[in-house]
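The residues making up each chain are set out below.
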Amino acid sequence: MPDGRSPRFPDYYKANDEWDLVVDDVLMLERLESSTEGFLVGLGNESKGERLTRVKLYKTGGKVDLSDFMPILEALGLRVVEEVPTAIEGEGRVYIHDFGVLDSRGAVLELGEAAERVTDTIAAVWRGECDSDSLNRLVTLTSLTWWEVRILRALRNYRMRVSARYTENYRNDAMAAYPQLAERLVRMFEAKFDPVRIASEEEIDEIRQAIHQELRGVASLDQDNILRHLLGTIEAIVRTSAYVPNRSSLSFKLLSERVPEMPKPTPLYEVWVYSTEM
C-alpha cells in the first residue's frame, strides 16, 4: 500500500492481500477527493477464497444506512453475503462500504462490460435518476443499461394503467424470466424511434419477427400476455421523447385504438409521461 495512504487505513484493512482491489480502492479514494457528488461506486471480483463480487460505495459525510443501500443491490438480483465498512482516517468522514455479493445463481458476476452497467445503475439510483425495483435485474441478465430498462419501466407502468390484471412484481418477473425477449422489446422501441439509429422497415420487421418467434417459447399464458401486450403497446406508439437529450422524464404518444386491452370508448390519442419524480 502506498506510504501516504497506509496510515489512513485501519489495521484489519492492511491485512488484505487482494492487491488489485486495494489498488482500486486507492484510486477511487483519490477520485472521491475531487468528486462533487460525494460518492463513487466500484466493482471487482475476488481472486481467492470463496470468491465474492465486491460492490463498493466510497462515500463522504459518514456511514450510509444499510437499509437505504442494500435494497438497491437486491433489486439488481444480487444476494448480499456480507458488508465490511472501513473508516478512512483524516479530514472529513470518508467510508468505504464494501459489500460481498453473488448473482442469482450463487456465482460471482461476469464483469467486463457488465461492470460499468452495474455501477452506473447503482449510481443512478443513488442520485434519484433511476427507480429501484426488481426490473433492474435486467441490467445483470442482459446487455441493457439502466436507461434502457427505464423504457420498459415506463411501458410497464402504462400497461398497469390500461389493465390492473397483473401486479408490478409479476410483470417484472415475466420480463426477468425471458430476459432476451425483454431486450428485444427495447431494441424494437429503439429501432422505431431512435433518430440516430435510423432503422429501415425491414430491420424493424426482423426484430418484430424474432420477438414473435421467442413468444412461442413462453410457457405461461399470463407471461405471454404481459410480453405480447408490451410489444403491442410499442406498436401503438407514434411519438416519444425518449431520445430527446437532457430530459429527466420519458413520454410517448399512442394511437389508442391500437393499444391492447384499451377500454372502450377509446380516445383518438393518449400521452403517457413517466418520471422518477411522479
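Because the structure is predicted, anything quoted here is derived from the model rather than measured.

Cut-offs used in this document
Residues numbered from 1 in each chain as written. Predicted model: local features only at pLDDT ≥ 70, side-chain atom pairs only at ≥ 80, totals over all residues. Heavy atoms only, no water. Helix = DSSP H or I, 4+ residues; strand = E, 2+ residues; numbered from the N terminus. Contact = heavy atoms within 4.5 Å. Lys, Arg positive; Asp, Glu negative; His and termini not counted. Charge placed at Lys NZ, Arg CZ, Asp CG, Glu CD. Expected span 1.5 Å × (residues − 1). Buried < 20%, exposed > 50% of the residue type's maximum accessible area, 1.4 Å probe, protein only. Arc of directions from axis to C-beta. Pairing = 2+ DSSP bridges. Axes fitted to C-alpha atoms, helices over the stretch in contact; angles between N-to-C directions. Salt bridge = Lys/Arg side-chain N within 4 Å of Asp/Glu carboxyl O. Polar contact = N/O pair within 3.5 Å; in protein donor to acceptor, adjacent residues only side chain to side chain.

Draft legend 1. Broad picture of the overall build of the protein chain. Scanning the protein chain for helices and strands turns up 10 helices and 7 strands. By its C-alpha atoms, the protein chain is 70 × 35 × 35 Å across when sized along the principal axes. Contacts spanning at least 24 positions in sequence make up 60% of the contacts within the protein chain whose residues lie at least 6 apart. Side-chain charges of the protein chain comprise 35 positive and 47 negative groups, with the mean position of each set lying 6 Å from the other.

Draft legend 2. Representation of helix α9 (residues 201–215) within the structure. In a regular helix each residue adds 1.5 Å, so 15 residues correspond to 21 Å; α9 covers 21 Å between its end C-alpha atoms and thus fits that length. Buried within α9 we find Ile204, Ile207, Arg208, Ala210, Ile211 and Leu215. For α9, the angular spread of buried residues about the axis comes to 160 degrees, placing them on one side. Summarising the geometry of α9, the exposed residues directed more than 90 degrees from the buried face are Glu202 and Glu206.

Draft legend 3. Region of interest: the sheet that holds strand β1 (residues 39–45). Pairing is antiparallel in the open sheet, where 4 strands are placed in the order β1-β2-β4-β3. Lying at the two open borders of the sheet, with one neighbouring strand each, are β1 and β3 (79–88). Each adjacent strand pair in this sheet contributes to an overall mean axis angle of 20 degrees, direction not counted. Relative to strand β4 (residues 94–102), strand β2 (residues 53–60) is paired through 8 bridges, and the arrangement is antiparallel. Within β4, the position partnered with Thr60 by the bridge is Val94. In this fold helix α3 (residues 66–75) packs onto β2, β3 and β4, with an angle of close to 35 degrees to the strand it touches most, β4.

Draft legend 4. Broad picture of the pattern of salt bridges. For the coordinates displayed, the defined rule picks out 25 salt bridges. Salt-bridge contacts for Glu168 lead to Arg156; the nearest nitrogen and oxygen are separated by 3.8 Å. Taken together, the residues span a long stretch of sequence, with Glu168 in helix α7 (residues 168–177) and Arg156 in helix α6 (residues 146–162) at a distance of 12 residues. We classify Arg156 as buried; its relative accessible area is 3%. Across the pair Arg197 and Glu203 runs a salt bridge whose closest N-O atoms are separated by 2.4 Å. Judged by its relative accessible area of 29%, Arg197 falls in the partly exposed class. Owing to a relative accessible area of 29%, Glu203 belongs among the partly exposed residues under this scheme. It is possible to trace a salt-bridge network through shared partners that takes in Asp25, Glu46, Arg54, Lys56, Glu82 and Asp98.

Draft legend 5. Inspection of the environment of Ala219 at higher detail. Note on placement: Ala219 falls in the loop between α9 and α10 (221–236). Residue classification places Ala219 among the exposed positions, given a relative accessible area of 73%. For the pair Ala219 and Trp126, spaced 93 residues apart in the sequence, the C-alpha separation amounts to 36 Å.

Draft legend 6. View of the sheet that holds strand β7 (residues 269–274). The strand order β5-β6-β7 describes an open sheet built from 3 strands, whose pairing is antiparallel. Whereas interior strands pair on both sides, the edge strands pair on one side only; in this sheet they are β5 (237–240) and β7. Each strand axis lies, on average, 20 degrees off the axis of its neighbour in the sheet, ignoring direction. Of the strand pairs in this sheet, strand β6 (residues 250–255) and β7 are connected by 6 bridges, and their pairing is antiparallel. Each bridged residue has a counterpart across the sheet, and for Lys253 the counterpart in β7 is Val271. Lying on the sheet, α6 is in contact with β5, β6 and β7; it crosses β7 at an angle near 125 degrees.

Draft legend 7. Quick look at the side chain of Thr53. Summarising the element assignment, Thr53 is placed in strand β2. At 2.9 Å, the side chain of Thr53 and the backbone nitrogen of Leu109 are in polar contact. Setting aside anything within four residues of it in sequence, one finds Thr53 in contact with Leu43, Gly44, Asn45, Phe99, Gly100, Val101, Val108 and Leu109.

Draft legend 8. Fine view of the pairing of β2. Taken across its 8 residues, β2 has 7 buried, putting it largely inside the fold. By the bridge criterion, 7 bridges tie β1 to β2 in an arrangement that is antiparallel. Each residue of the ladder has a partner; that of Leu40, found in β2, is Tyr58.

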